[in-house]
Amino acid sequence: MSSILVQVIVGGLLLGAVYALFSSGLTLIWGMMNIVNFAHGDFVMLGMYVAFVVWTLLGVGPFVGAPVAALVLATLGVIVYFGLIRSVMKGPMLAQILGTFGLALLLRYSVFWGFGANFMTLPENLVGGTYDVLGIKLQASRLLAGIVALLVTLGLHLLLTRTSLGSKMLAVAEDATAAQLMGIRPDSMQAIAWAIAAGATGLAGALIATFFYIAPTVGETLGIVAFVTVSLGGFGSVPGALAAGLLIGVIESVSAYWIGAVYKDIVVYSLFLCFLWFRPQGLMGKM
Amino acid sequence: MRLKHIVGLLSAAAMSIALAGVASAQDKTVKIGGIYPLSGNAASAGVHGKAALETAVDIINNAHPELGNLPLAKNAGLAGLGGAKVEIVFADNQGSPAVGQNQALRLITEEKVVALSGAYQSGITLTTSAISEKYGIPFVNGESVAANLTERGFKWFFRVTPVAADFAKIYLDFLRDMKAGGTKTDNVAIVHENTEYGTSVASVIASVFKENGLTIGLDIPYAANTTDVQSQVLQLKDKKPDVVIMVSYTSDAILYAKTMQALDYKPPMLIADNSGFSDPSTIKAVGKQIQGLFNRSSFAIGPPGSPTFLINEMYKKRSGGDDLDDTSARQMQGFFVLCDAIDRAGSTDPAKIQAALKATDLKPDQLIMGYKGVKFDDKGQNILAAGLVIQLQDGENYVPVWPKQLAKSAPALPYKGW
């Protein structure tokens, strides 16, 4: 195998880890309350802007920016839950879709208004430069995002399966009325789910900002990938999103290299549709 | 859905026919439609274009005797229409050809604009100008370069900018000069985004090069809104072309600059075809990582006190401090050409404006661009458009480097990167 091909695959894995990282929040919200958050891509975008503001004001990188972004977005998640989601959940499915879609536009155009349309970037070597391992280039910023993706996935998985908070959240997801009878407050659990999901998304945005461009419309570009990742991984499954992210990343990279960049989406989406044909619940989703 | 659209178009057409001829020459303001990407991925370019047109309106509507021979600058308003003021009704094409088309329809039928300008992306200029053609409304384009825009036999479409074939010729002559100086230029790769703009510019460059015995060894099309360009950069790294020509919009231009550094790839010579690599936000974001990049341009800010310098100062107040780049300057020039024609027509009657546009004959000292003039052929293309090669040499500033008589410094090779 040529070293270039290895580089292509490694690049694909790192890209896939990033896809997984910004998809986990989306899948968590779905798993908790069967809501598709169309504003998800714009949450990522906000995380990027928080990291940018932190860097501009304090001159520090993602080691401060990412936690701050997670906190800011977690707070926003709770506000969104109480201000919007709790009411639209009582309405028809269409209200939920349009509600979060409206939120997406509100966030996008607020940032537009506040920061302007200009593209921005964080300085190139904020996280460290590029490592050379046996001729394979590993960009520190992408590596960091990849590692955090694994940790976040593991953390969310452990939270849901090993802690009492996780059990309570799952109980609410399973049957909110029954959970309420057991003394669990569905409102609190769902608000916590929104905080965690939005927080993880903010974290993802802040890390992606270290190697991507920052613009008000970036959520559109990234949001679509998140939806594909989550449906391939199985709606509601956090480990599924990780597996799907890595898979999509590698398929994209290899097909772009071998067949051509314009065809990579055709390859990814045809495989995606074929896969859903045989396994509509996704890699690790439940029917 | 489709039927609804057709019915909508037909009824709008009927309405506009009914309303035609109502426009009177007594109107105090002349309404012109401006369709630009004010949101979506190209919003940065659209917002700069909007600032350029607003600067032009300021120059036209107020007296600016300091701006030399620039038409319409000396006195306030359009003298040919009794000092009427110009007003632009902006519309957002959202980066979509279909949205652009709907906006053109709205501007013509509801806002009653007398002419249109826009629409930045060639693919959207294509669809919006089809609407103005249908309604018999002049459309003046200052910046879209896809060849076929003026190959459609349109009667109401006028284009001021040099086109892909002109640039291809500039690149070819430039590369020949470089080759004569000992630089290797045999193996050329083109990397281009895959909408109307990138595809047509790449194919024109390929055919002009081929006619002159230079072959394109590698052609890499990609989608402009892509999330990742690692594979494309690795393809280049693998094939090692002598010259890489990039035809990109802003978001992808930034990704390429960042990815080339991350993967430690420097082609011996990197040429960018304007657009994304001319966007001030690209230069601000990644300018330091693409030092030595060649680009094309027809605009220079000029020495302090010169008309272009003064216009740039006015523009900076509206652009948040960014300088006029080649793209926004070409947009502004296109708008001046349109307003000059309306002024000479002395009327807002579309047919009279069209006739005035056909009779346009502007000299170099009446322009802000470095064109040899503005004069349209039967297809509506400016035959006097011209350009030069610039290089990012000095931090965040492009410097003219070719041809020699216009150069401020010599082309620096090889490509330096970061």
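Values in this document were obtained by computation on a predicted structure and should not be read as measured data.

Visitor: Help me understand the overall build of chain A in this model?
Guide: Across its full length, chain A holds 11 helices and two strands. Along chain A, helices and strands appear, N-terminal first, in the series α-α-α-α-β-β-α-α-α-α-α-α-α. The principal-axis extents of the C-alpha atoms in chain A amount to approximately 60 × 50 × 35 Å. Per-residue burial for chain A yields a buried fraction of 53% across its 287 residues. Contacts spanning at least 24 positions in sequence make up 77% of the contacts within chain A whose residues lie at least 6 apart.

Visitor: Which parts of the structure should I look at to understand the overall build of chain B?
Guide: Across its full length, chain B holds 12 helices and 12 strands. Over its C-alpha trace chain B gives a radius of gyration of 21 Å, about what one expects of a compact globule, namely 22 Å for 418 residues. On the principal axes, the C-alpha backbone points of chain B span a range of 65 × 55 × 40 Å. Relative to its full complement of 418 residues, chain B shows a buried share of 55%. Across chain B, contacts joining residues at least 24 apart in sequence account for 70% of those joining residues at least 6 apart.

Visitor: Teacher, can you tell me more about the packing of helix α5 (residues 140-162) of chain A against helix α8 (residues 186-208) of chain A here?
Guide: For any two helices packed against each other, one specifies the crossing angle of their axes together with the interaxial distance. Residue and element names in this part refer to chain A. The interhelical angle for the contact between α5 and α8, taken along N-to-C directions, is 165 degrees, at an axis separation of 10 Å. Relative to α8, α5 is oriented roughly antiparallel. Our pair here, α5 against α8, has a crossing hand that is left-handed. On α8, the residues touching L144, A145, V148 and V152 of α5 are A200, L203, L207 and I208. The class makeup of the residues in the contact of α5 with α8 is eight nonpolar, no polar and no charged.

Visitor: Just checking my understanding: could you explain the sheet that holds strand β11 (residues 388-394) of chain B for this structure?
Guide: Whenever strands of a sheet pair, they do so through backbone hydrogen bonds, lying parallel or antiparallel. Residues and elements named next belong to chain B. The strand order β7-β6-β8-β9-β10-β11-β12 describes an open sheet built from seven strands, whose pairing is mixed. A strand with exactly one partner marks an edge of an open sheet, and here the two such strands are β7 (216-222) and β12 (397-402). On average, adjacent strands in this sheet sit at an angle of 30 degrees to one another, irrespective of strand direction. Alignment of strand β6 (residues 188-193) against β7, held across six bridges, turns out to be parallel. Residue A189 lies in a different strand from β7, and its bridge partner there is L218. Sheet strands in contact with helix α7 (residues 230-239) are β6, β7 and β8 (243-247), and its direction is about 170 degrees off that of β7.

Visitor: I keep staring at the domain arrangement of chain B and nothing clicks. Help me out?
Guide: Accessible area lost upon the coming together of the parts serves often as the stated size of an interface. Residue and element names in this part refer to chain B. In terms of domain boundaries, chain B breaks down into domain 1 (2-162 + 303-366) and domain 2 (164-297 + 388-406). Between the C-alpha centres of domain 1 and domain 2 the distance comes to 29 Å. Residue-level contacts link 19 residues of domain 1 with 22 residues of domain 2. Elements with a minimum of two residues in the side of domain 1 that touches domain 2: α2 (43-61), α4 (122-135) and α11 (326-345). Considering only residue class, the side of domain 1 that touches domain 2 consists of seven nonpolar, eight polar and four charged.

Visitor: Explain helix α1 (residues 3-33) of chain A to me, please; I cannot follow it from the model alone.
Guide: In an α-helix, one turn spans 3.6 residues; hence positions three or four apart end up facing the same way. Residues and elements named next belong to chain A. With 31 residues, α1 should cover 45 Å at 1.5 Å per step; its first-to-last C-alpha distance of 45 Å lies within 8% of that length. At S23, α1 shows its strongest bend, of approximately 40 degrees. Where burial is concerned, most of α1 is hidden: 24 out of the 31 residues are buried. Taken from the residues just after α1, N34 is the one with a positive phi, measuring 50 degrees.

Visitor: Just to check I follow, could you spell out the interface of chain A and chain B for this structure?
Guide: In this complex, chain A contributes 31 residues to the contact, which on the side of chain B involves 37 residues. For the side of chain A that touches chain B, the elements supplying multiple residues, two or more each, are α1, β2 (136-139), α9 (218-233) and α10 (238-258) of chain A. Here the side of chain A that touches chain B is built from residues that sort into 16 nonpolar, 11 polar and four charged.

Visitor: Explain helix α6 (residues 164-174) of chain A to me, please; I cannot follow it from the model alone.
Guide: All names here are of chain A. Of the residues making up α6, those classed as buried are M169, V172 and A173. Angularly, the buried residues of α6 cover 105 degrees about the axis, an arc narrow enough to put them on a single face. Exposed residues on α6 whose side chains face more than 90 degrees from its buried face are S164 and E174. Residues of α6 that are buried make contact with α1, α5, α7 (176-181) and α8.

Visitor: Could you clarify how one ought to interpret the pairing of β2(A) in this entry?
Guide: Regular strands have side chains that alternate between both faces of the sheet. Residues and elements named next belong to chain A. Alternating positions in β2 separate cleanly, K137 and Q139 being buried on one face and I136 and L138 remaining unburied on the opposite face. Where strand β1 (residues 130-133) lies against β2, four bridges are found, and the strand directions are antiparallel. The residue bridging V133 from the neighbouring strand is I136, located in β2.

Visitor: For this particular structure, what's the right way to read the confidence of the model for chain B?
Guide: Note: predicted coordinates in regions of low pLDDT should not be interpreted at a detailed level. Residue and element names in this part refer to chain B. The share of residues in chain B with pLDDT of 70 or more is 94%, and the mean pLDDT across the chain is 90. Scored below 50 in pLDDT, residues 19-26 makes seven contacts in the model with residues more than four places away or belonging to other chains. Across the predicted assembly, pTM comes out at 0.84 and ipTM at 0.88.

Visitor: Where do I start with the packing of α1(A) against α7(B) in this structure?
Guide: Where α1(A) contacts α7(B), the axes come no closer than 10 Å and their chain directions differ by 170 degrees. Overall, the two elements α1(A) and α7(B) adopt an arrangement that is roughly antiparallel. Contacts from I4(A), Q7(A), V8(A) and G11(A) in α1(A) reach Q230(B), S231(B), L234(B), K237(B) and D238(B) in α7(B). Classifying every residue of the contact of α1(A) with α7(B) gives three nonpolar, four polar and two charged.

Visitor: Would you mind showing me how to read the nonpolar core here?
Guide: Of all hydrophobic cores here, the largest spans 222 residues; its most connected members are L21(A), M48(A) and A51(A). At 15 residues, α1(A) tops the list of elements feeding residues into this core. In terms of domain composition, this core takes at least three residues from each of domain 1 (2-162 + 303-366) and domain 2 (164-297 + 388-406) of chain B. If we ignore the near neighbours within four places in the chain, the residues touching L21(A) are A145(A), V148(A), A149(A), V152(A), A204(A) and L207(A).

Visitor: Which parts of the structure should I look at to understand the pairing of strand β9 (residues 269-272) of chain B?
Guide: Residue and element names in this part refer to chain B. What you see with β9 is no split at all: M269 and I271 on one side and L270 and A272 on the other are buried throughout. By the bridge criterion, four bridges tie β8 to β9 in an arrangement that is parallel. Across the sheet, residue M246 finds its bridge partner in β9, namely A272. The β-α-β motif built from β8, the intervening helix α8 (residues 250-262) and the parallel element β9 has right-handed crossover chirality. Across two bridges, the pairing between β9 and strand β10 (residues 294-297) is parallel. Bridge pairing in β10 links I271 to F294. The β-α-β motif built from β9, the intervening helix α9 (residues 280-286) and the parallel element β10 has right-handed crossover chirality.

Visitor: Hey, could you run me through the environment of S253(A) in this one?
Guide: Tracing the sequence through the fold places S253(A) in helix α10. Classification of S253(A) by C-beta neighbours within 10 Å gives buried; the count is 26. S253(A) sits 248 residues away from L5(A) along the chain, and the two C-alpha atoms are 9.6 Å apart. What S253(A) contacts, discounting residues up to four positions off in sequence, is V8(A), I9(A), G11(A), G12(A), L15(A), Q230(B) and S231(B).

Rules and cut-offs
- Residues numbered from 1 in each chain as written.
- Chains lettered and ligands numbered in written order.
- Predicted model: local features only at pLDDT ≥ 70, side-chain atom pairs only at ≥ 80, totals over all residues.
- Helix = DSSP H or I, 4+ residues; strand = E, 2+ residues; numbered from the N terminus.
- Buried ≥ 20, exposed ≤ 12 C-beta atoms within 10 Å, placed from the backbone.
- Contact = placed C-beta atoms within 7 Å.
- Rg over C-alpha atoms; globule rule 2.2 N^0.38 Å.
- Axes fitted to C-alpha atoms, helices over the stretch in contact; angles between N-to-C directions.
- Parallel < 35°, antiparallel > 145°, perpendicular 65-115°, else oblique.
- Left-handed = near helix turned anticlockwise from the far one by under 90°.
- Nonpolar A, V, L, I, M, F, W, Y, C, P; charged D, E, K, R; others polar.
- Pairing = 2+ DSSP bridges.
- Domains from an automatic or database assignment.
- Expected span 1.5 Å × (residues − 1).
- Bend = angle between axes of the 7 residues up to and from the residue.
- Arc of directions from axis to C-beta.
- pLDDT = per-residue confidence, 0-100.
- Core = buried A, V, L, I, M, F, W, Y, C linked by C-beta atoms within 7 Å.
- Right-handed = clockwise from strand over helix to strand, strands pointing away.

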